[in-house]
Amino acid sequence: MSVCDTSAPTRSPSGVTLGLLANWRQFALLVLINAFVGGMVGIERTVVPLIGSEEFGIASTTLVVSFIVSFGVVKAFANLVSGHLADVWGRKRVLVLGWLIGLPVPFMIMWAPSWGWIVAANALLGINQGLAWSMTVIMKVDLVGPKSRGLAVGLNEFAGYLAVGVTAFLTGYLASEYGLRPTPIYLGIGYAIAGALLSILLVRDTRAHVRAEVGDTPHEAAAMGFWEVFTLTSFRDRNLFAASQAGLVNNLNDGMSWGIFPLFFAAFGLGVERIGILKAVYPASWGVLQIATGPLSDRWGRKGLIVAGMWVQAAALLLVALTREFHFWLIASLLLGLGTAMVYPSLIAAVSDASHASWRARSLSVYRFWRDLGYAIGALSAGVIADMFGMAWAIGAIAVLTFVSGLIVAFLMRGSQPANDKRP
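A quick note: this is a predicted structure, and the numbers were derived from the prediction, not measured.

### Considering the overall build of the chain
Counting its regular elements, the chain contains 18 helices and 2 strands. Here the C-alpha radius of gyration of the chain, 20 Å, is about what a compact globule of 424 residues would show, namely 22 Å. For the chain, the C-alpha atoms occupy an extent of roughly 60 × 45 × 35 Å along the three principal directions. For the chain, the proportion of its 424 residues judged to be buried stands at 62%. Look at the contacts in the chain between residues 6 or more apart in sequence, and 86% of them connect residues 24 or more apart. By element, 70% of the accessible surface of the chain is carried by carbon and sulfur atoms, the whole surface being about 14,800 Å². For the chain, the distance from the average position of its 29 positive side-chain charges to the average position of its 22 negative side-chain charges is 6 Å.

Okay, structure coming up:
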């Protein structure tokens with residue numbers, strides 16, 4: 001099945017047309033908005049751990065990464081409620097709410113008089129990401145229908161993580177020229193204002209597309225409550241469990257790299273500009289390559305890409321831990337981006353495959369709850385291991401865990417089957 005075939009429009013009896021081509025204007029708008037969502041995280045990837053160690057003089061690695069813990073925990077719970085809110089309030093309202101909550105974040109980082117302000121700003125950022133990013137994913141999947149989920153997710157994550165990488169590079173460069181604050185954070189003000197305005201003025205809700213898809217399905221889904229969807233996604237369905245644990249471990253290693261990598265590289269004498277390059281290459285390659293890996297998951301299936309991607313990530317993390325030179329770290333960053341690009345859209349598409357349209361938003365929210373809880377678990381566990389045994393041991397331990405997660409997917413996950421052909 002080609003990408004063009006999967007993008008072909010499907011008109012429902014209600015008159016709403018599903019498909020990328022039929023909805024390309026709204027789809028492209030949501031791609032742009034998610035770039036701004038990703039940019040909000042990118043302003044932190046290079047400079048915030050260094051603000052903690054250099055400006056506030058925090059010696060404990062565990063304490064430095066506490067801002068990621070607050071981000072991850074709050075984002076996970078924001079993800080958990082976002083699907084229910086989207087079904088009750090509508091996708092657009094939740095998207096706008098996420099942006100309004102994110103508006104204070106860059107100002108709090110720029111003017112923070114203590115580390116507690118940074119932690120609080122990241123709690124707000126977690127809500128912003130949990131609501132806004134969730135809605136851009138859900139709305140794109142709504143628009144394209146069941147045939148092009150991998151493509152839709154790949155383009156969404158491409159925009160978000162390319163923006164993370166570009167912003168991480170720009171903030172590293174600006175920090176090397178003008179200091180860690182406030183100049184690098186000005187980018188965040190522009191992202192927040194642009195994202196909020198576009199969401200308020202131009203985005204249209206997509207619940208009609210969900211109703212059209214449900215009307216086209218051969219089997220009606222039984223009414224399912226939140227707890228039933230939560231348990232099904234978390235552990236009762238083997239495909240959904242395999243995806244949820246892999247998502248958690250994927251973001252666990254990302255949370256570790258977010259907090260530990262800048263400190264690890266700085267400990268070996270790298271300046272902030274070169275750290276910015278390394279921190280940019282990983283999410284940028286992750287973002288760009290999803291343009292290919294998302295559609296490939298539609299054609300080849302999800303499982304093989306997920307398993308191989310987890311193992312490529314594990315190899316990349318070991319390369320970082322075992323080497324001490326910039327060019328090896330650059331190769332490792334590219335490999336880490338490649339592995340994550342193989343995994344990220346495939347996991348979201350796999351969850352969508354295993355979920356009926358009537359409860360897909362809630363199932364995706366539960367998956368994203370477990371996935372983004374990995375930020376907090378990864379940052380906290382890596383910080384504790386680093387304080388006890390050193391940062392190289394922390395990176396290596398997460399590498400082993402990532403490899404094991406890939407094994408779990410290999411043994412448990414079945415081949416994907418479109419949810420429209422399944423009973424819940």
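### Here's the deal with the pattern of salt bridges
Scanning the model with the defined rule gives 11 salt bridges in all. The salt bridge partner of Arg 181 is Glu 55, with a shortest N-O separation of 2.9 Å. Of the two residues, Arg 181 sits in the loop between α9 (149–178) and α10 (186–201) while Glu 55 sits in helix α3 (residues 47–55), which places them 126 residues apart along the sequence. For Arg 181, a relative accessible area of 18% puts it in the buried group. Judged by relative accessible area, Glu 55 falls into the partly exposed class, the value being 38%. What emerges from the salt-bridge pattern is a single network uniting Asp 87, Arg 91, Asp 142, Arg 360 and Arg 362.

### Examining helix α8 (residues 115–144)
In a regular helix each residue adds 1.5 Å, so 30 residues correspond to 44 Å; α8 covers 43 Å between its end C-alpha atoms and thus fits that length. Burial analysis of α8 places 23 of its 30 residues in the buried class, the great majority of the element. A positive phi of about 80 degrees marks Gly 145, the residue just after α8.

### Observations regarding the packing of aromatic side chains
Centre-to-centre distance and the angle between the planes together describe a pair of aromatic rings. Inspection of every chain in the model, using the stated rule, returns 26 aromatic pairs. Seen from their ring centres, Trp 286 and Tyr 344 are 4.9 Å apart, and the 70 degrees between their planes marks the pair as edge-to-face. Taken together, the positions of Trp 286 in helix α14 (residues 272–300) and Tyr 344 in helix α16 (residues 326–353) put the pair 58 residues apart, joining distant regions of the chain. For the pair shown, Trp 286 and Tyr 344 are each scored as buried. In this structure an aromatic cluster arises from ring pairing among Phe 56, Phe 67, Phe 71, Trp 115, Trp 258 and Tyr 375. One cation-aromatic arrangement involves Arg 45 over Trp 258; the distance from NZ or CZ to the ring centre is 4.7 Å. Over the face of the ring belonging to Phe 326 we find Arg 274, whose NZ or CZ atom lies 3.9 Å from the ring centre.

### Notes on the packing of helix α5 (residues 66–89) against helix α13 (residues 238–267)
Remark: α5 packs on α13, axes separated minimally by 10 Å, with the N-to-C direction vectors making an angle of 150 degrees. In terms of their interaxial angle, α5 and α13 are classed as roughly antiparallel. Two packed elements cross with a definite hand, and for α5 against α13 that hand is right-handed. Of α13, the residues touching α5 (which contributes Phe 67, Ile 68 and Phe 71) are Gly 255, Trp 258 and Gly 259.

### Observations concerning helix α18 (residues 391–412)
End to end, α18 covers 32 Å across 22 residues, agreeing with the expected 32 Å (1.5 Å per residue, within 8%). The complete set of buried residues in α18 reads Met 391, Ala 394, Ile 395, Gly 396, Ile 398, Ala 399, Thr 402, Ser 405, Gly 406 and Val 409. Residues of α18 that are buried make contact with α13, α15 (303–322) and α17 (360–389).

### Focus on the nonpolar core
Core analysis: the largest hydrophobic core is formed by 121 residues, its most contacted members being Trp 99, Ile 260, Phe 265 and Ile 395. With sequence-adjacent residues up to four places away left out, Phe 265 is seen in contact with Leu 270, Ile 275, Leu 278, Val 320 and Trp 329. Grouped together as the second largest cluster of nonpolar side chains are 6 residues, Ala 76, Leu 80, Phe 230 and Val 366 included.

### Comments concerning the environment of Ala 357
Relative to the helices and strands, Ala 357 is located in the loop between α16 and α17. Linking Ala 357 and Arg 211, residues 146 residues apart in sequence, is a C-alpha distance of 8.4 Å. For Ala 357, the residues in contact, after removing those within four places along its chain, are Val 210, Glu 213 and Val 214.

### Details of the environment of Met 391
For Met 391, the location among the structural elements is in helix α18. The buried category is assigned to Met 391, whose relative accessible area is 19%. Residues Met 391 and Thr 171, 220 residues apart in the sequence, show an inter-C-alpha distance of 24 Å. Sequence-distant contacts of Met 391, defined by excluding residues within four places in its chain, comprise Ile 260, Leu 263, Phe 264, Ala 267 and Ala 386.

### What about the packing of helix α2 (residues 24–45) against α8?
For the pair α2 and α8, interaxial distance at closest approach is 10 Å and the crossing angle is 155 degrees. Between α2 and α8, the crossing angle belongs to the class labelled roughly antiparallel. When you trace α2 past α8, the crossing you get is left-handed. Two secondary-structure elements touch here, α2 through Gln 26, Phe 27, Leu 30, Val 31, Ile 33, Asn 34, Val 37, Gly 38, Met 40, Val 41 and Glu 44 and α8 through Asn 122, Leu 125, Asn 128, Gln 129, Ala 132, Trp 133, Thr 136, Met 139, Lys 140, Leu 143 and Val 144. Of the residues that constitute the contact of α2 with α8, the class distribution is 13 nonpolar, 7 polar and 2 charged.

### A few points about unusual backbone geometry
Pro 182 follows Arg 181 through a cis peptide bond whose omega is -5 degrees. For Pro 182, the position within the fold is in the loop between α9 and α10.

### Describing a nonpolar patch on the surface
Among the surface-exposed residues, Leu 100, Ile 193, Leu 197, Ile 200, Leu 201 and Leu 202 lie close enough to one another that they form a single nonpolar patch of about 570 Å² accessible area. The biggest single contributor to the nonpolar patch is α10, with 4 residues. Within the fold, Leu 197 resides in helix α10.

What counts as what
- Residues numbered from 1 in each chain as written.
- Predicted model: local features only at pLDDT ≥ 70, side-chain atom pairs only at ≥ 80, totals over all residues.
- Heavy atoms only, no water.
- Helix = DSSP H or I, 4+ residues; strand = E, 2+ residues; numbered from the N terminus.
- Rg over C-alpha atoms; globule rule 2.2 N^0.38 Å.
- Buried < 20%, exposed > 50% of the residue type's maximum accessible area, 1.4 Å probe, protein only.
- Contact = heavy atoms within 4.5 Å.
- Areas by Shrake-Rupley, 256 points an atom, 1.4 Å probe, with all protein chains shown as cover.
- Lys, Arg positive; Asp, Glu negative; His and termini not counted.
- Charge placed at Lys NZ, Arg CZ, Asp CG, Glu CD.
- Salt bridge = Lys/Arg side-chain N within 4 Å of Asp/Glu carboxyl O.
- Expected span 1.5 Å × (residues − 1).
- Phe/Tyr/Trp six-rings, centres within 6.5 Å; stacked < 30°, edge-to-face > 60°.
- Lys NZ or Arg CZ within 6 Å of the ring centre and 35° of its normal.
- Axes fitted to C-alpha atoms, helices over the stretch in contact; angles between N-to-C directions.
- Parallel < 35°, antiparallel > 145°, perpendicular 65-115°, else oblique.
- Left-handed = near helix turned anticlockwise from the far one by under 90°.
- Core = buried A, V, L, I, M, F, W, Y, C linked by side-chain atoms within 4.5 Å.
- Nonpolar A, V, L, I, M, F, W, Y, C, P; charged D, E, K, R; others polar.
- Patch = residues over 30% accessible without salt bridge, like charges linked within 9 Å, V, L, I, M, F, W, Y side chains within 5 Å.

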